[in-house]
Structure formats: C-alpha cells, structure tokens
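# Structure assessment
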Amino acid sequence: LTCLSYNLIMNKHQYTTLLGKAVRKVARLKGGGSALPGLFVEKIDPDFIKRTLSSLKRGVLVISGTNGKTTTTKIIVELLEAEGLKVFTNKTGSNFVRGVASALLGEVNIKGELDADIAVLELDEAHAVKFVDVVSPDYCLLLNVMRDQLDRFSEIDKTAELLEKVAEETTSKLIVNSEDKRLVSIAKKQFDTPTNYFGFEKKLARLMPTDEELYDNTKEHERDSSIKPIVELMSLEKNKGTIKIKGKEYIIDFKLNGIYNIYNAVAALATVLTVLKDEANPNRLAKELALVEPAFGRGESILIDGTEIEIVLVKNPSGFRLSLMSYLADDAPTMIIINDNYADGRDMSWLWDVDFASLRAKGVTMVSGIRAYDMALRLSYDDVNVEEIEPNILKALKSFIKKDGNKKRIFTTYTAMLEIRKYFEKKTKIKRAL
C-alpha cells in the first residue's frame, strides 16, 4: 500500500508537471503573464511546490520586506552560484506564490525533478505568509518594514505582523536588519530560531532612515546594544564602501548604484554567510560582491544610440527619498513616470511624503504615466519646474530620449518600468524583465 501510494503521488506529480509545462508554453507563445502557469498548478495540485522543494539539501531561503527584495535576491543568488551551489529562484520577479510555481515549471524536468541545492525566493509580504503555510523555510531574510501600498497592507504594523508570521515558520535561522526596531522585536520573539543580524555604522543613519525617522527627523537612531551584526556597513562614499565581516574590514568598489542597493548587498552577504556556515570564505565573497551589477530597473544603465539611461524603480516614500539622495540632481535630465496599476499600488498619496527639493535647481524634464498630472502637481508644491507633461509613456519616452544630453535618468513605478524596458529591449541588447 505504501509503495502504491508513493507511485500514485509521483504519477500525479509528473502529470501536474506535464500539464503545467504545456500551459506555460502556450502562455509564452501568446505573450501571457509569467504567473498564469503557476495559477493553473495551484488549482489542480496545491502540494506541487512543497513536493518539488522538499528534495533540496540546502533547503529554502525566503526573502521579504518592503524595499530591496529583488536586488537582494539577485545578489544572494550570484554569490551562492559563485561558490558552486546550484540555485533555484523566481527569476521573473513575480514574488507571489504562483510566481514560484511558474518558475519551478521552467526549471524541473518532465518528471518534476528540480536540479538544485537551494531555493532562494523573493516573496511579497502577504504572499510570503501564504507560502510558509505550504513550505516552512529553512532561512528567512527580513529586510525592512516601511509604508508601502497602504491600499493593500493597511498600516505599517500590519506589514510587521505578516513578517512575524513568516519568521515563526522559519526552522533554521533568521537574518534580520539590526537597524529596524520592528524587525528586531520580531526576531527576539523567535526563541527557537537563532538570528544573525546585518547593520550599519551609526554615522550612516541619516542616509538610511527607518520609517519613524523618515517622518520625524528629530528621532535619533539607536541600535539595540545587545546586537552584534555579522556584516556591517562602516562607511560609504559614492559607490565605494567599507564593510566589516565578522570583525574584519573590507573596502569594496561596487558596481551597484545607490545607497539602498549597497545596503541590500550587506544584507545579501550576511545571508550567504549564514547559509554557507563554516564553508564561507569572507575574502572571496567580498571580491565576488564587487562584481555584482544592478537588477533590472534598480539603478541599471542602458545605452541607447549613445545615450546612457539610468532606470530607478520607486514605489514608496523611503525608496524615492533614498533614490533622490543617491544621485546628483544636476548631472542628468530627469523623467518621472507614475502609474497606479495594482502592482504599483492604487494609493498614490505617498508621493506627498517625498521631499523633491533636490530637483528644484534643475527641474524635471518630463513627467508621464497614468498619474502624470498628480506627479506634476506634487512637484509644483516643492517649487520644482516641470518642462513637459505627457501621460502616454512611450510617446513621452521617445521625446525624452531626443532631448539634449548623453546621460538621462528615469524614476519610475513598477508597471511603467516594465513598459519602458520592453521598448528598450527592441532597441538594444538587455536582459528581459519578464
């Protein structure tokens, strides 16, 4: 009976795999979304993900938090692969559970077998909770808790509650941002799951404010004195940072752009050290970290007809503020694209919590997107001149590219970023976002 039961399960697994792969192929031929095959598999075989991931000898790592999931996931994957591990990840950036299922269908063989050592999964906070109901992760990286998409998550404490549930289901180790008091509080409640921390030197606090510090600059940043991060950002000047790894300092000249991306690299390094344990070689990892390039739309540069175009994803007050702090406002013409599709978040009131004063001197060349006029109105309240408003993104993009200057910068919400990258894919060789 046991043998028969096993065979029935395996036959079902193979059957799900074949059907799922067929749906995936049809969806890709029709240009459909990356999550559709995963949705199909969820409906016909809810245990598909759990069965497929159960064979991984290094287990499952979940990455969640408000900002930095995609970049941090990319860095972790590249570092682990450089160390010789076979890594499965949801490459498309679809950070819902069905996105994981879709990604699995692209990687498993026709028997439903996955050739990997570890799964590294970026998950939206709400969907991370759904995922851990199915699969208990071995490791969990918690990046931060900030105000984001309030129409979906309500208030910031609700987001923290979601992440706490993910932490509760983690079986081996947590990796937590020591500078985020909400996350530290969550970690300290998990008595059965030890925690490794990552952090930054106090003098850098003004560059990376917590949610409370963002809205009240009178608050002084303080870290719990009992916490000793295994990786800590000690100093940062442009793209050169000093990182302390288990007490030893390394100077790294990053290819990554932006303060927030470099702190994501610190989080990624702490996570890789946790996963590799005694096998980790800090010297080698520091060298590998210097070679990592930005994830798509996260500070990446694209060359079009001799013009360098930087694409910077923005989706909440802290992310936008840090992005503005990371780039010189007067070194390139600026375009801002704001959409309010579901994946962007419907509530655009967060734009009023961003300080745009740094754009005042040079102004903004182009504003576009579904909420172009809302963005232009917001800029006017900070006395930032807007040269042109064009809601049609492609029309605005083509006009912006023709403007004077061999370097340009675009701050964009998520769905707009996907649209402009599809346009760029037709013009030059870049990695596809989807």
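Structure first, text after, so check above.
Not measured: the values here are computed from a predicted model.

Bringing the side chain of H221 into the picture now. Structurally, the position occupied by H221 is in the loop between α10 (211-215) and β7 (231-237). Residue H221 is classed as buried on the basis of its relative accessible area, which comes to 7%. Within polar-contact distance, the side chain of H221 engages the side chain of E179 at 2.7 Å. Once residues lying within four places of it in the same chain are set aside, the contact partners of H221 are E179, F200, K202, A205, T210 and E213.

Turning next to a positive patch on the surface. Taken together, the side chains of K398, K402, K422, K426 and K427 define a basic patch exposed on the protein surface. Sorting elements by how many residues they give to the positive patch places helix α16 (residues 414-427) first, with three residues. Looking at where K402 falls in the secondary structure, it is placed in helix α15 (residues 393-402). Given a relative accessible area of 73%, K402 falls into the exposed group.

Moving on, we come to helix α4 (residues 69-82). Along its 14 residues, α4 runs 20 Å from first to last C-alpha, staying within 8% of the 20 Å computed at 1.5 Å per residue. In terms of residue burial, α4 counts as a mostly covered element, since ten of its 14 residues are buried. G84 sits one or two residues past α4 and shows a positive phi near 95°.

In this section: the packing of aromatic side chains. For the structure on display, the rule yields seven aromatic pairs. Here the aromatic rings of F198 and Y263 are separated by 5.5 Å at their centres, their planes lie at 55°, and the arrangement is tilted. You can see F198 sitting in strand β6 (residues 195-200) and its partner Y263 sitting in helix α11 (residues 259-276), a full 65 residues away along the chain. Between F320 and F356, the aromatic rings sit 5.1 Å apart at their centres with planes inclined by 90°, giving edge-to-face as the arrangement. Taken together, the residues F320 in helix α13 (residues 317-326) and F356 in the loop between β12 (334-337) and β13 (364-368) connect sequence positions 36 residues apart. Through pairs of rings, three or more aromatic residues link up here, namely F320, W350, F356 and F411.

Here we come to the sheet that holds strand β1 (residues 60-64). Strand order in the open sheet made by the nine strands is β2-β3-β1-β4-β5-β6-β7-β8-β9, with mixed pairing throughout. Both outer strands of the open sheet, β2 (87-89) and β9 (248-253), are each paired with one neighbouring strand and no more. Neighbouring strand axes in the sheet, compared pairwise and without regard to direction, differ in orientation by 15° on average. Sheet topology note: the β1/strand β3 (residues 118-122) ladder contains four bridges and is parallel. Within β3, the position partnered with V62 by the bridge is L121. Across the face of the sheet, helix α9 (residues 181-189) comes into contact with β4 (139-142), β5 (173-177) and β6 while running at roughly 160° to β5.

Another point: the pattern of salt bridges. According to the stated counting rule, one finds 24 salt bridges in the structure shown. One salt bridge connects E42 with R98, and the closest N-O pair in it is separated by 3.6 Å. With a gap of 56 residues between them, E42 in helix α2 (residues 36-44) and R98 in helix α5 (residues 97-107) connect regions that are remote in the sequence. In this structure E42 comes out as partly exposed when scored by relative accessible area, which is 27%. A salt bridge links D340 to R371; its shortest N-O distance comes to 2.8 Å. Remark: R371 occurs in the loop between β13 and α14 (372-381) and D340 occurs in the loop between β12 and β13; sequence separation between them is 31 residues.

Definitions and cut-offs
- Residues numbered from 1 in each chain as written.
- Predicted model: local features only at pLDDT ≥ 70, side-chain atom pairs only at ≥ 80, totals over all residues.
- Heavy atoms only, no water.
- Helix = DSSP H or I, 4+ residues; strand = E, 2+ residues; numbered from the N terminus.
- Buried < 20%, exposed > 50% of the residue type's maximum accessible area, 1.4 Å probe, protein only.
- Polar contact = N/O pair within 3.5 Å; in protein donor to acceptor, adjacent residues only side chain to side chain.
- Contact = heavy atoms within 4.5 Å.
- Patch = residues over 30% accessible without salt bridge, like charges linked within 9 Å, V, L, I, M, F, W, Y side chains within 5 Å.
- Areas by Shrake-Rupley, 256 points an atom, 1.4 Å probe, with all protein chains shown as cover.
- Salt bridge = Lys/Arg side-chain N within 4 Å of Asp/Glu carboxyl O.
- Lys, Arg positive; Asp, Glu negative; His and termini not counted.
- Charge placed at Lys NZ, Arg CZ, Asp CG, Glu CD.
- Expected span 1.5 Å × (residues − 1).
- Phe/Tyr/Trp six-rings, centres within 6.5 Å; stacked < 30°, edge-to-face > 60°.
- Pairing = 2+ DSSP bridges.
- Axes fitted to C-alpha atoms, helices over the stretch in contact; angles between N-to-C directions.

Geometric values such as these leave the question of function open.
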